[in-house]
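Commentary on secondary and tertiary structure
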Amino acid sequence: MSSRTENWPPADAEPVGPHPDAPAPGTELSEHYAECFGCGHEVELGLHLRSAVADDMSVVSTFTVRKDHQGAPGLAHGGLLACAFDEALGSTVGNLLRTPTVTARLETDFVRPVPVGSTLHIAARLDGRSGRKTYVSAEGRLDADDGPVALRARALFVTVGVDHFTTHGDPDAIEKFRQTAEAEAAAAEQRGWDVNP
Ligand SMILES: CCCCCCCCCCCC(=O)SCCNC(=O)CCNC(=O)[C@H](O)C(C)(C)COP(=O)(O)OP(=O)(O)OC[C@H]1O[C@@H](n2cnc3c(N)ncnc32)[C@H](O)[C@@H]1OP(=O)(O)O
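Residues numbered from 1 in each chain as written. Predicted model: local features only at pLDDT ≥ 70, side-chain atom pairs only at ≥ 80, totals over all residues.

The next point concerns the overall build of the protein. For the protein, the count of helices and strands is 3 helices and 7 strands. Traced from its N-terminal end to its C-terminal end, the protein shows the element sequence β-β-β-α-β-β-β-β-α-α. Structurally, the protein occupies a C-alpha span of about 50 × 40 × 40 Å along its principal axes. Here the protein holds 197 residues, and the buried ones make up 28% of them. Sequence-distant contacts in the protein: of pairs separated by 6 or more residues, those separated by 24 or more amount to 66%. (Helix = DSSP H or I, 4+ residues; strand = E, 2+ residues; numbered from the N terminus. Buried ≥ 20, exposed ≤ 12 C-beta atoms within 10 Å, placed from the backbone. Contact = placed C-beta atoms within 7 Å.)

Right, let's get into the domain arrangement of the protein. The domains assigned to the protein are domain 1 (28-160) and domain 2 (168-197). Put simply, the middle of domain 1 and the middle of domain 2, counted by C-alpha atoms, are 22 Å apart. Listed as interface residues are 4 residues of domain 1 and, on the opposing side, 4 residues of domain 2. Looking at the side of domain 1 that touches domain 2, its residues break down into 2 nonpolar, 1 polar and 1 charged. (Domains from an automatic or database assignment. Nonpolar A, V, L, I, M, F, W, Y, C, P; charged D, E, K, R; others polar.)

Another point: unusual backbone geometry. Look at the link from Trp 8 to Pro 9: it is a cis peptide, with omega at -10°. With respect to the secondary-structure elements, Pro 9 resides in the segment before β1 (28-29). Phi at Arg 98 is positive, roughly 55°, even though this residue is not glycine. One can find Arg 98 in the loop between α1 (78-97) and β4 (101-110). For Arg 98, a count of 13 C-beta atoms within 10 Å corresponds to the partly exposed category. The phi dihedral of Asp 143 falls on the positive side, at around 70°, and the residue is not glycine. Assignment of secondary structure puts Asp 143 in the loop between β6 (133-142) and β7 (149-159). Taking the C-beta count within 10 Å as the criterion, Asp 143 has 17 such neighbours and is therefore assigned partly exposed.

Attention now moves to α1. An ideal rise of 1.5 Å per residue puts 28 Å on 20 residues; α1 measures up with 28 Å between its terminal C-alpha atoms. Burial within α1 is extensive, with 15 of its 20 residues counted as buried. Arg 98 occupies a position one or two residues after α1 and carries a positive phi of about 55°. (Expected span 1.5 Å × (residues − 1).)

This brings us to the environment of Thr 27. Counting through the fold element by element, Thr 27 comes out in the segment before β1. The class for Thr 27 is partly exposed, based on 16 C-beta atoms found within 10 Å. It is 7.9 Å that separates the C-alpha atoms of Thr 27 and Ala 54, two residues lying 27 residues apart in sequence. Aside from chain neighbours lying at most four places away, what touches Thr 27 is Ala 52 and Val 53.

Taking the numbering used here, the UniProt-annotated feature "domain: Thioesterase" (unreviewed entry) corresponds to residues 74-141. The span residues 74-141 shows a helical share of 29% and a strand share of 46%, and its end C-alpha atoms are spaced 18 Å apart. (UniProt positions renumbered as here; feature names shortened; annotations may be inferred.)

Here we take up the site of the ligand. Around the ligand sit 18 residues in total, of which Gly 90, Gly 94, Val 102, Ala 104 and Arg 105 are the nearest. Taken together, the elements giving at least two residues each to the shell around the ligand come down to α1, β4 and β7. Among the elements that take part in the shell around the ligand, α1 stands out by supplying 6 residues, more than any other. Its residues placed into classes, the shell around the ligand shows 5 nonpolar, 8 polar and 5 charged. (Near = placed C-beta within 6 Å.)

This is the structure in structure tokens:
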């Protein structure tokens, strides 16, 4: 018996492609927030995921497992692996659809152990959309884009308004996020000018 959600994506989901302003293939994606446990450079013990848009508009993220990420001796903690997928899937939805979303449901299949020192290559793709609901899935392979599959995950992200964050989040943290996003947008525009003067 399979415990996974059947009929993925659900029958009411329609195919979804990237937003016209989505980053082009080959683009390396910036961290979305310096204090994010998944991608932020200010979180010393965080996962420090790095992501880029692939030629087929999937998003490939890498995460190197360190000693701080152990569960069993020498092996990655399953919860942290799920966190890495949450980040990779969220980055895929946020960057490709240019919409604020949050994880509503995340299901993870752990296929083989992930040793400390190995690097997970997580390839994520949009599967479908129904109203505010976006369905996205990913595979994580060990040490190479074509390495053995270690995990598979599926998630439902729900689009929210900015009020989701202003109502529930911390105003100082939101202001820091806003400033970082503005600086990154300015840097991206400058890079565009450098490439296309
Ligand atoms: C460039 C930027 C990069 C950005 C890169 C960002 C990367 C971030 C990566 C990390 C992401 C996170 O950690 S996010 C943090 C973790 N997640 C959260 O904190 C979310 C907490 N939950 C909530 O706030 C809420 O439950 C919501 C927003 C998910 C939904 O509440 P709501 O807005 O009132 O909407 P609601 O009507 O309940 O649900 C909308 C639709 O979704 C369905 N739905 C809701 N939850 C579920 C569920 N668990 N399983 C199935 N279906 C569900 C409902 O049935 C409904 O379907 P229908 O009736 O319409 O058919």
